[in-house]
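Given next are the chains, with one letter for each unit.
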Amino acid sequence: MSLGEYDYEPIRGLPGSLPAGETLLWQGSPAWRPLARRALHARAVATYFALLILWELGRTLYARAPLAPALRIAEILLALGTVTVGLLCLLAWASARATVYSLTNRRLVIRHGIALPMSLNIPLRLIDRMALSRHADGSGDIALGLPRGERIGYLLNWPHVRPWHLAQPQPTLRAIADASRVAALMGRAVGSTGAVPPETARSAAQTAGTAGTAASHAA
């Protein structure tokens, strides 16, 4: 795997022209709204500020204290919450706009980075497992397992890593539309390298996807 800056893209999302025998199978980018909700937790932050406002107003009413000071505090919290959530949404939009996932018959390339553009090249022969998580909004995440000897930087590649897998970071395609189709395509591509049988890769992705769907609906 290689990680580095790029200045010119002969093909959008790829740091160089494809060599002979390599073909582009699929390209895509994260959807910024699901990325804001799940990677940047914009909804959780909004809920947090809403609870703070309700707590302040409820505490004031319970104590039968003057309401004017509590309303001023609520206005400040509302303004802070709006700005914070707005910045998170802006960051998600910029990250989605700067990210391109490219799948070829030999590798997966994750081009990302807002201020410092980078590309992460993952040979398909190194992918030994896949986990597909589908969500109620129609998007999904595809996490890729790598052998023990292969490591990527968690913080350097965030949010394109599986959450909380710090010891062995897993590169992840986040907030992908039609993730089931992309996972099946990737399973076939990985299987064609001979590293993992295509049936095994597809089966693992579909099993994880079913669990991911149930978890997302339960949440």
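To start, this report covers the structure provided alongside it. Please read all numbers here as calculations on a predicted model, not as lab measurements. (Residues numbered from 1 in each chain as written. Predicted model: local features only at pLDDT ≥ 70, side-chain atom pairs only at ≥ 80, totals over all residues. Heavy atoms only, no water.)

### Points about helix H2 (residues 42-63)
Rules: By definition, any uninterrupted DSSP run of H or I lasting at least four residues is a helix, any uninterrupted run of E lasting at least two residues is a strand, and each is numbered from the N terminus. To estimate how far a helix should reach, multiply one less than its number of residues by 1.5 Å. In this scheme, a residue with accessible area under 20% of its type's maximum is buried, one over 50% is exposed, and one in between is partly exposed, where area comes from a 1.4 Å probe on protein chains only. An arc is given here, and it is the one of the directions from the helix axis to the C-beta atoms.
Compared with the 32 Å implied by 1.5 Å per residue over 22 residues, the 32 Å span of H2 between its first and last C-alpha is a close match. Along H2, the positions that sit buried rather than exposed are Ala-42, Phe-49, Ile-53, Glu-56 and Thr-60. The buried side chains of H2 occupy one side of the element, clustering within an arc of 60° when seen end-on. Exposed residues on H2 whose side chains face more than 90 degrees from its buried face are Arg-43, Leu-51, Leu-54, Trp-55, Leu-61, Tyr-62 and Ala-63.

### A word on the nonpolar core
How we decide: Here, nonpolar core refers to any group of buried Ala, Val, Leu, Ile, Met, Phe, Trp, Tyr and Cys residues whose side-chain atoms link them within 4.5 Å.
Grouped together as the largest cluster of nonpolar side chains are 27 residues, with contacts concentrated most on Trp-26, Leu-108, Ile-142, Leu-144, Leu-173 and Met-186. If you tally residues by element for this core, the top one is helix H5 (residues 179-192), at seven residues. By size, the runner-up hydrophobic cluster in this structure holds ten residues, among which are Ala-36, Ala-42, Val-85 and Ala-175.

### Section: a nonpolar patch on the surface
Under the convention used in this document: Nonpolar side chains (Val, Leu, Ile, Met, Phe, Trp, Tyr) within 5 Å and like charges within 9 Å form the patches, drawn only from residues with over 30% relative accessible area and no salt bridge. Values of accessible area rely on a 1.4 Å probe in the Shrake-Rupley scheme; residue burial ignores everything except the protein chains shown. Throughout this description, the term salt bridge denotes a Lys or Arg side-chain nitrogen within 4 Å of a carboxyl oxygen of Asp or Glu.
Nonpolar side chains collect at one region of the surface, where Val-83, Leu-87, Leu-90 and Trp-93 lie side by side and expose about 410 Å² of accessible area between them. Position of Trp-93 among the secondary structure elements: in helix H3 (residues 67-98). Here Trp-93 falls in the partly exposed class, since its relative accessible area comes to 41%.

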